[in-house]
Amino acid sequence: MQIELPCGTTWHVHEAAKKLGYRAQLPGARVFDLVARSLRAARASGVGASDRFTLALPASWMVNSPAVSKVLRRWALPPCLETCLALIDVLEGGPDEWAGDPASVEAVRLGVASLGTEPYVTEALSKVLALLVPEAVPLMPPPARAFVLGDAAKDDPDAFARIVEWFARAALDHRADLEGIAREHRDVELSGAGVLDRLLWFDSEGHKHFPKIDVA
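So, here is what we can say about the structure in this document. (Residues numbered from 1 in each chain as written. Predicted model: local features only at pLDDT ≥ 70, side-chain atom pairs only at ≥ 80, totals over all residues. Heavy atoms only, no water.)

## Structural notes on helix α8 (residues 121–132)
Between its terminal C-alpha atoms α8 stretches 17 Å, which fits the 16 Å expected from 12 residues at 1.5 Å a residue. Here α8 lies mainly inside the structure; 12 of its 12 residues are buried. When we look at burial in α8, the residues that qualify are Val121, Thr122, Glu123, Ala124, Leu125, Ser126, Lys127, Val128, Leu129, Ala130, Leu131 and Leu132. (Helix = DSSP H or I, 4+ residues; strand = E, 2+ residues; numbered from the N terminus. Expected span 1.5 Å × (residues − 1). Buried < 20%, exposed > 50% of the residue type's maximum accessible area, 1.4 Å probe, protein only.)

Structure representation (structure tokens):
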């Protein structure tokens, strides 16, 4: 599978099943995946976004979120709570509704910008929203941002908006391949977009934790 990146390079995805298997060995990643599955089930059962958001906040720490508890508390209360719920509402609409709409993309960018001045806001928010709207938001630690956008990518709202636009489109463009990989993964139920997110993490930095395999 070959995926074009905004930075102008082509991502050649190899040995996906092996990489997902390695990742599933990490305790935090395993629990994060279980929470993501439960939140998908809760969403399908009609549990509201506010309750799901509250549950996702502490679960985001399972993948080393840099957010301190005071920041998560701020996001759980007005006015940040309303902003986060609005972001979820926009992103749940699907990329066909918002990715090609400049006003919606700008709303996403402005929403992220309003959530704080901490230098890690984009990364921390991605680790919450990846649990709630996995079809639109991958994890965005610095190595993943650099992998997708280039080495100059910053932890800022523009980077967040660019990555979610790319990610949602890539998940749709490669849906058949990604869902095929997901069906073969036995450790936990994943969506096609969830596979893309986890492979992005592995090829951008996760491979450092494991025996050397092809990440070219």
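## Quick word on helix α5 (residues 80–92)
The end-to-end C-alpha separation of α5 is 18 Å, in line with the 18 Å expected for 13 residues at 1.5 Å each. Listing the buried residues of α5 in full gives Cys80, Leu81, Cys84, Leu87, Ile88 and Leu91. Buried residues in α5, looked at end-on, bunch into an arc of 125 degrees, giving them a common side. Of the surrounding secondary structure, the elements contacted by the buried residues of α5 are α3 (49–59), α4 (69–75), α6 (95–98), α7 (102–113) and α8. Directly beyond the C-terminal end of α5, a positive phi value near 95 degrees is found at Gly94. (Arc of directions from axis to C-beta. Contact = heavy atoms within 4.5 Å.)

## Quick word on the nonpolar core
One recurring pattern in soluble globular proteins: nonpolar side chains tend to sit buried together. Counting 65 residues, the largest nonpolar core has Trp11, Phe53, Trp75, Leu129, Val137, Phe160 and Trp166 as its most contacted members. Top element by residues in this core is helix α10 (residues 157–173). It accounts for 9 residues. Setting aside anything within four residues of it in sequence, one finds Phe160 in contact with Val108, Val112, Thr122, Leu125, Ser126, Leu129, Val137 and Met140. (Core = buried A, V, L, I, M, F, W, Y, C linked by side-chain atoms within 4.5 Å.)

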